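Fold and geometry: a report
One letter stands for each residue in the lines below.
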Number of protein chains: 2
Amino acid sequence: MASHTAASLKVELNERGWRLTPQRETILHIFQNLPNGNHLSADDLHRRLQDQGENISLSTIYRTLKLMARMGILRELELAEGHKHYELNQPYPHHHHHLICVRCNTTIEFKNDPVLRIGAKTARREGFHLLDCQLTIHALCPPCQQALGLP
Amino acid sequence: MASHTAASLKVELNERGWRLTPQRETILHIFQNLPNGNHLSADDLHRRLQDQGENISLSTIYRTLKLMARMGILRELELAEGHKHYELNQPYPHHHHHLICVRCNTTIEFKNDPVLRIGAKTARREGFHLLDCQLTIHALCPPCQQALGLP
DNA sequence: TTAAGTGCAAAAACTTTGCATATTT
DNA sequence: AAATATGCAAAGTTTTTGCACTTAA
């Protein structure tokens, strides 16, 4: 869960018989330069790559996102938009969780160390190797409570 | 987040200008009779309804699942299969979280009250009305660690 | 009565796959 | 050289939508 350089990514890939390609390196860079709190869908990433003149196919993007999520480099977020979003899987103290309004999709990030510790402990107890731990809270934001006439 | 009867569901729907239809009642029953720890995708639910001779269209199922999730009656789970699953949103002490192997999709449920309290507190602090709170842990199970030759 | 809900079929959105070609190790 | 990765186009899955009809309140 440490931050990656192209070199360390290469090592980690090679250990598993995989390869460092220019596409994978470019995609990693995009995420590393993403302002904190941003996250991209496959399509967002594709567009962003095209904007900077990189032509990487959507297939490769999907394959790379899944690979990096399984390696623990990216975390896969299920926000409210109906498709997955990805962001760098940052270690403590940057690690965070999400509070989401199910009506308007407003999303608030928050940090919580105890939850992170509980997640780590739970995985360890079951013998699992932790990749990511996210608390997702579904709720109604104040304006949406109003709109629904909730007490 | 209390358990629902057809009558209380009706009240809650009517309060918001919505209606209790036979389809909605039938769907609620399916979930109420689901053994603890089970969860259904839209398609699972559709098949299950057909098996018991109920003809409810997939459109209605999708619309109902979303509605009930937004009301806090069902919780929407993002497990690893690539589509949503739903289960009854049960209050403490039945409330639970999920530990998922990203490689083989093995899923383990676990309970954790502190996380639930943290979720409730976080929502309250932001003025949100809590609907659901789920800790999702992505990890590699022991066999999959082996298969990948992890130390 | 009338606003909301349903079913159908069609479309949309998102993701995966087969295969020929290119590239990393 | 051998195995992995890519790009393309095509197909697959899951979910949403428009519309005419039905139904709960």
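Remember, predicted model here, so these are calculated numbers, not experimental data. (Residues numbered from 1 in each chain as written. Chains lettered and ligands numbered in written order. Predicted model: local features only at pLDDT ≥ 70, side-chain atom pairs only at ≥ 80, totals over all residues. Heavy atoms only, no water.)

Further remarks concern helix H2 (residues 22-32) of chain B. Buried within H2 of chain B we find Thr 26, Ile 27, Leu 28, Ile 30 and Phe 31 of chain B. For H2 of chain B, the secondary structure elements touched by its buried residues are helix H1 (6-15), helix H3 (42-51), helix H4 (58-71), strand E1 (74-77) and strand E2 (85-88) of chain B. (Buried < 20%, exposed > 50% of the residue type's maximum accessible area, 1.4 Å probe, protein only. Helix = DSSP H or I, 4+ residues; strand = E, 2+ residues; numbered from the N terminus. Contact = heavy atoms within 4.5 Å.)

Time to look at the packing of helix H3 (residues 42-51) of chain A against helix H4 (residues 58-71) of chain A. All names here are of chain A. It is at 10 Å that the axes of H3 and H4 come closest, and there the two elements cross at 125°. Taken together, H3 and H4 sit at an angle that is classed as oblique. The handedness of the crossing between H3 and H4 is right-handed. Between H3 and H4, the contacting residues are Ala 42, Asp 43, Leu 45, His 46 and Leu 49 on the first element and Leu 58, Ile 61, Tyr 62 and Leu 65 on the second. Each residue belonging to the contact of H3 with H4 can be placed in one class, and the counts come to 7 nonpolar, 1 polar and 1 charged. (Axes fitted to C-alpha atoms, helices over the stretch in contact; angles between N-to-C directions. Parallel < 35°, antiparallel > 145°, perpendicular 65-115°, else oblique. Left-handed = near helix turned anticlockwise from the far one by under 90°. Nonpolar A, V, L, I, M, F, W, Y, C, P; charged D, E, K, R; others polar.)

Here the focus is the protein's contact with DNA strand D. Around DNA strand D lies a shell of 23 residues, among which Arg 19, Thr 60 and Arg 63 of chain A together with Tyr 62 and Lys 66 of chain B are the nearest. Among all atoms of DNA strand D positioned within 4 Å of the protein, those belonging to sugar or phosphate total 64%. Within the side chain of Arg 19 of chain A, a nitrogen or oxygen atom sits 2.8 Å from a base nitrogen of DNA strand D. Between DNA strand D and Tyr 62 of chain B, the relevant distance is 2.6 Å, taken from a phosphate oxygen to a side-chain nitrogen or oxygen of the residue. The set of elements that each furnish at least two residues to the surface near DNA strand D consists of helix H2 (22-32) and H4 of chain A together with H1 and H4 of chain B. (Near = heavy atom within 4 Å. Polar contact = N/O pair within 3.5 Å; in protein donor to acceptor, adjacent residues only side chain to side chain.)

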